[in-house]
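Coordinates in review
The residues making up each chain are set out below.
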Amino acid sequence: MRITKRTNIAVRLLMYCAAHADRLVTKSEIAARCNISENHLAQVINQLAQLGYLHTQRGRNGGMSLGKPAAEIGIGDVFRDVEGTVPMVECFADADNTCPLVSACRLRLALSEAAQAFYQSLDGITLEALICDNDALFALFQPPGVASCARYVN
């Protein structure tokens, strides 16, 4: 299974915000530290804010922070919410399905069950679990030239 670029960006963005829970973070710093274009990032920020995962603050001292505690953000929920109804394969799509095997294909059921298992495995993972005690991640999120980074604040 392959996740969309949008979901990949969403998880990186949320991890960054969780790692810097003691302050507002900016779109430009996330783009730089997470290697994401600011245009793509802006779209994902908007979506995550609408979904309640982020709180955004406009203005000169603006930025963003998590919309709820990292321990309450399930990665399975994030994947489902951001991926939406993107079909895994053509036969899952109602409108654009041109596969002539749909009525007899057993692979469709197997793929559906595999997708459910994929999301269920993510349901047990919180955003907090991805960042808690993850020194390597904190080091990657640290701006160049700064000796130490802020630790996750619960």
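Computed from a predicted structure; not experimentally measured. (Residues numbered from 1 in each chain as written. Predicted model: local features only at pLDDT ≥ 70, side-chain atom pairs only at ≥ 80, totals over all residues. Heavy atoms only, no water.)

Section: the overall build of the protein chain
In terms of helices and strands, the protein chain carries seven helices and two strands. When the helices and strands of the protein chain are placed in sequence order, the string is α-α-α-β-β-α-α-α-α. The burial tally for the protein chain puts 34% of its 154 residues in the buried class. Long-range contacts, defined here as pairs at least 24 residues apart, represent 63% of the contacts in the protein chain between residues at least 6 apart. Within the structure as shown, the protein chain displays about 9,300 Å² of accessible surface, and the carbon and sulfur contribution to it stands at 51%. (Helix = DSSP H or I, 4+ residues; strand = E, 2+ residues; numbered from the N terminus. Buried < 20%, exposed > 50% of the residue type's maximum accessible area, 1.4 Å probe, protein only. Contact = heavy atoms within 4.5 Å. Areas by Shrake-Rupley, 256 points an atom, 1.4 Å probe, with all protein chains shown as cover.)

Observations regarding the packing of helix H1 (residues 5–19) against helix H4 (residues 75–83)
The contact between H1 and H4 brings their axes to 9 Å, and the two run at 140°. Between H1 and H4, the angle falls in the class oblique. Considering the relative orientation of H1 and H4, their crossing is right-handed. Facing H1, whose interface residues are Arg6, Thr7, Ala10, Val11 and Leu14, H4 presents Val78, Phe79, Val82 and Glu83. The class makeup of the residues in the contact of H1 with H4 is six nonpolar, one polar and two charged. (Axes fitted to C-alpha atoms, helices over the stretch in contact; angles between N-to-C directions. Parallel < 35°, antiparallel > 145°, perpendicular 65-115°, else oblique. Left-handed = near helix turned anticlockwise from the far one by under 90°. Nonpolar A, V, L, I, M, F, W, Y, C, P; charged D, E, K, R; others polar.)

Regarding the pattern of salt bridges
Going through the model one piece at a time under the given rule, you end up with three salt bridges. When the shortest N-O distance is used, the salt bridge between Arg23 and Glu29 registers 2.7 Å. Overall, the relative accessible area of 33% leaves Arg23 in the partly exposed class. Beyond isolated ion pairs, a larger network of salt bridges with shared partners links Asp77, Arg80 and Asp123. (Salt bridge = Lys/Arg side-chain N within 4 Å of Asp/Glu carboxyl O.)

Notes on the packing of H1 against helix H2 (residues 27–34)
Two elements in contact, H1 and H2, have axes separated by 11 Å at closest approach and are oriented at 110°. Relative to H2, H1 is oriented roughly perpendicular. By crossing handedness, the relation of H1 to H2 is classed as right-handed. Facing Arg12, Leu13, Tyr16 and Cys17 of H1, the residues of H2 in contact are Glu29, Ile30, Arg33 and Cys34. Across the contact of H1 with H2, the residue classes tally to five nonpolar, no polar and three charged.

A look at the environment of His55
On the secondary structure map, His55 appears in strand S1 (residues 54–57). With a relative accessible area of 41%, His55 lands in the partly exposed category. Distance from His55 to Ile45, taken between C-alpha atoms, is 9.3 Å for residues ten residues apart in sequence.

None of the figures reported here should be taken as evidence of function without further support.
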